[in-house]
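# Structural description and commentary
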Amino acid sequence: MLLSIQSGVRSFIVFQPARPTLKRQRTMSMTRIKIDLDDPSTFPEGRIEPLVVDSTTEVKIAQQEQADEAEVLKDMARYARRIRRRMGLSQTELARRIAVSPETIRNWEQGKRCPTGAARALLRLLDKAPETALRVLT
């Protein structure tokens, strides 16, 4: 969900499953919802529970942010591990080929660190075209 605030009105972009098609492919559609926090009639049906929203504290929000961050680290760890294993390389060998320390690869795969910037782009490239990426890197 994407949120943007414009003078008291919040605009949400919600991704929802699209209508089924003949193909067995899951697609998502995008719906834009505008909510004026001062006007309850703009709240979508079934999407906002005012009692829950009003009872949410800053502590609960911070706890949810921490849980979300931990989940992102786990997802990225699985992604990095999957790429390396699919390429058939050890952590040490992958580290040597992409010119980082083995500890960096270990930290990515254990969820202690998350690759950012160029490292994340390199992982995407290794995921999509591993032979080409490795040939360019050597």
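Here, every reference points to the structure presented above.
Quick summary incoming for the structure in this document.

The rules behind the values
- Throughout this document, residue positions are counted from 1 along each chain, in the order its sequence is written.
- This being a predicted model, a pLDDT of at least 70 is required before a residue's local features are given, and a value of 80 or more before pairs of side-chain atoms are given or counted; all residues contribute to the totals for chains, interfaces and linings.
- The side-chain values count all of the structure's non-hydrogen atoms but skip hydrogen atoms and water molecules.
- The helix and strand labels rest on DSSP assignments: H or I over at least four residues marks a helix, E over at least two residues marks a strand, and numbering proceeds from the N terminus.
- Three labels apply to residues, based on accessible area from a 1.4 Å probe with only protein chains included: buried if under 20% of the type maximum, exposed if over 50%, partly exposed otherwise in between.
- Contacts: residue pairs with any heavy atoms within 4.5 Å of one another.
- The protein chains shown are the only cover counted for residues, whose accessible areas, like all others here, come from Shrake-Rupley with a 1.4 Å probe.
- We define a nonpolar core as any set of buried Ala, Val, Leu, Ile, Met, Phe, Trp, Tyr and Cys residues linked to one another through side-chain atoms lying within 4.5 Å.
- Interaxial angles span 0 to 180 degrees and are taken between N-to-C directions of axes, which are lines fitted to C-alpha atoms, for helices over the stretch in contact.
- Here the angle decides the label: under 35 degrees means roughly parallel, over 145 means roughly antiparallel, 65 to 115 means roughly perpendicular, and every other value means oblique.
- In this scheme, a crossing is called left-handed if the near helix is turned counterclockwise away from the far one by less than a right angle; it is called right-handed if the turn is clockwise.
- Here the term charged refers only to Asp, Glu, Lys and Arg, the term nonpolar to Ala, Val, Leu, Ile, Met, Phe, Trp, Tyr, Cys and Pro, and the term polar to all other amino acids, Gly among them.

A count of helices and strands for the protein chain gives 6 helices and 3 strands. In the protein chain, the succession of α and β elements from N to C terminus is β-β-β-α-α-α-α-α-α. Classification of the 138 residues of the protein chain by burial places 22% in the buried group. Of all intrachain contacts in the protein chain linking residues separated by at least 6 positions in sequence, the fraction that spans at least 24 positions is 37%. Only carbon and sulfur atoms are counted for the fraction: they give 54% of the accessible area of the protein chain, which is about 10,700 Å².

A few words now on the nonpolar core. Counting residues in each nonpolar core, the largest one holds 16 residues, and the members touching the most others are Met87, Leu94, Ile98, Leu123 and Leu126. Counting residues per element, the ones that place at least two in this core are helix H2 (58-87), helix H3 (91-98), helix H4 (102-110), helix H5 (117-128) and helix H6 (130-137). With 5 residues, H2 is the largest single contributor of residues to this core. In this structure Leu94 touches Arg84, Met87, Leu89, Ile105 and Leu126, once residues within four positions along its chain are discounted.

This paragraph deals with the packing of H3 against H4. In contact at an axis separation of 8 Å, H3 and H4 are set at 120° when each is read in the N-to-C sense. Here H3 lies oblique to H4, going by the angle between them. Between H3 and H4 lies a crossing whose hand is right-handed. Where H3 abuts H4, its residues Gln91, Thr92, Leu94, Ala95 and Ile98 lie against Pro102, Ile105, Arg106, Trp108 and Glu109. Of the residues contributing to the contact of H3 with H4, the split by class is 6 nonpolar, 2 polar and 2 charged.

Right, let's get into the environment of Pro50. Turning to its location among the elements, Pro50 is positioned in helix H1 (residues 50-55). You can call Pro50 partly exposed: its relative accessible area is 44%. Residues Pro50 and Pro40 lie 10 residues apart in sequence; the distance between their C-alpha atoms is 9.2 Å.

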